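Observations on the model geometry
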Amino acid sequence: MKIALGADHGGFQLKEEIKAMLQSMDHEVVDMGCDCEQSVDYPDYALPVAEKVASGELDRGILICGTGIGMSIAANKVKGVRCALVHDLFSAKATREHNDSNVLAMGARVIGPGVAQEIVKIWLGTEFTGGRHSQRLEKIGNIEAKHV
Ligand code: RB5
């Protein structure tokens with residue numbers, strides 16, 4: 001899979017660990033920063049990742065900040081992005097099955113690297129269920145169309 005990664009200073013270290021794991025799993029990783037723990041603004045990293053996924057250039061995106069909250073709010077402003085903030089394994093599976101989430105947000109100050117790695121593995125390995133969930137995604141698309 002082609003996966004965009006983005007983080008602010010709060011998520012930098014965890015991003016590096018997730019990047020190493022994804023590369024060891026033979027995924028193609030596009031690291032869109034940041035590059036160190038110097039303070040930066042998370043929307044500057046959420047936007048390029050969200051745009052790469054929304055355009056279809058890359059398959060999925062993973063965003064990490066201190067809480068994951070700012071990243072998820074910012075990414076969900078981009079049309080076509082369904083960013084899920086996830087800190088547990090159940091939600092990692094459910095958001096793929098029910099929401100077809102294409103971007104994952106996590107908070108490095110909320111969970112440790114072990115849980116984060118398991119979340120990413122489950123999230124990448126779970127398919128969208130479709131069926132009744134498709135009509136709900138259509139309705140989300142309708143909201144996007146109404147609020148351009
Ligand atoms: C940065 O201090 C922090 O606000 C950011 O990493 C994130 O938690 C925002 O939602």
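Here, every reference points to the structure presented above.
Below you will find a few notes about this structure. (Residues numbered from 1 in each chain as written. Predicted model: local features only at pLDDT ≥ 70, side-chain atom pairs only at ≥ 80, totals over all residues. Heavy atoms only, no water.)

Right, let's get into the overall build of the protein. Helix and strand counts for the protein stand at 6 helices and 5 strands. Order of helices (α) and strands (β) in the protein, N terminus to C terminus: β-α-β-α-β-α-β-α-β-α-α. Computed over C-alpha atoms, the radius of gyration of the protein comes to 14 Å, within 12% of the 15 Å expected from 2.2 N^0.38 for 148 residues, which places it in the range of a compact globule. Each of the three principal axes of the protein carries a C-alpha extent, and together these read 40 × 30 × 25 Å. Here the protein holds 148 residues, and the buried ones make up 43% of them. Taken as a whole, the protein presents about 7,500 Å² of accessible surface, with 50% of it coming from carbon and sulfur. (Helix = DSSP H or I, 4+ residues; strand = E, 2+ residues; numbered from the N terminus. Rg over C-alpha atoms; globule rule 2.2 N^0.38 Å. Buried < 20%, exposed > 50% of the residue type's maximum accessible area, 1.4 Å probe, protein only. Areas by Shrake-Rupley, 256 points an atom, 1.4 Å probe, with all protein chains shown as cover.)

For the rest of this paragraph, the subject is the nonpolar core. Membership of the largest hydrophobic core comes to 21 residues, with the highest contact counts inside it found for Ile18, Leu22, Ile62, Leu104, Met106 and Val120. For this core, the secondary-structure elements that each account for two or more residues are strand E1 (2-7), helix H1 (12-24), strand E3 (60-65), strand E5 (103-107) and helix H5 (113-125). With 5 residues, the top contributor of residues to this core is H5. (Core = buried A, V, L, I, M, F, W, Y, C linked by side-chain atoms within 4.5 Å.)

Turning our eyes to something else, we now look at the site of the ligand. Looking at the ligand, the residues that line it are Asp8, His9, Tyr42, Cys65, Gly66, Thr67, Ile69, Gly70 and Arg109. One of the side-chain nitrogen or oxygen atoms of Asp8 is found 2.6 Å away from an oxygen atom of the ligand. Taking Thr67, its main chain carries an N or O atom lying 2.9 Å from an oxygen atom of the ligand. Considering the ligand on its own, with 290 Å² of exposed area, one finds that the protein chains cover 71% of that surface. Taken together, the residues of the shell around the ligand break down into 3 nonpolar, 4 polar and 2 charged. (Near = heavy atom within 4 Å. Polar contact = N/O pair within 3.5 Å; in protein donor to acceptor, adjacent residues only side chain to side chain. Nonpolar A, V, L, I, M, F, W, Y, C, P; charged D, E, K, R; others polar.)

Function cannot be inferred from these measures alone, as they are strictly geometric.
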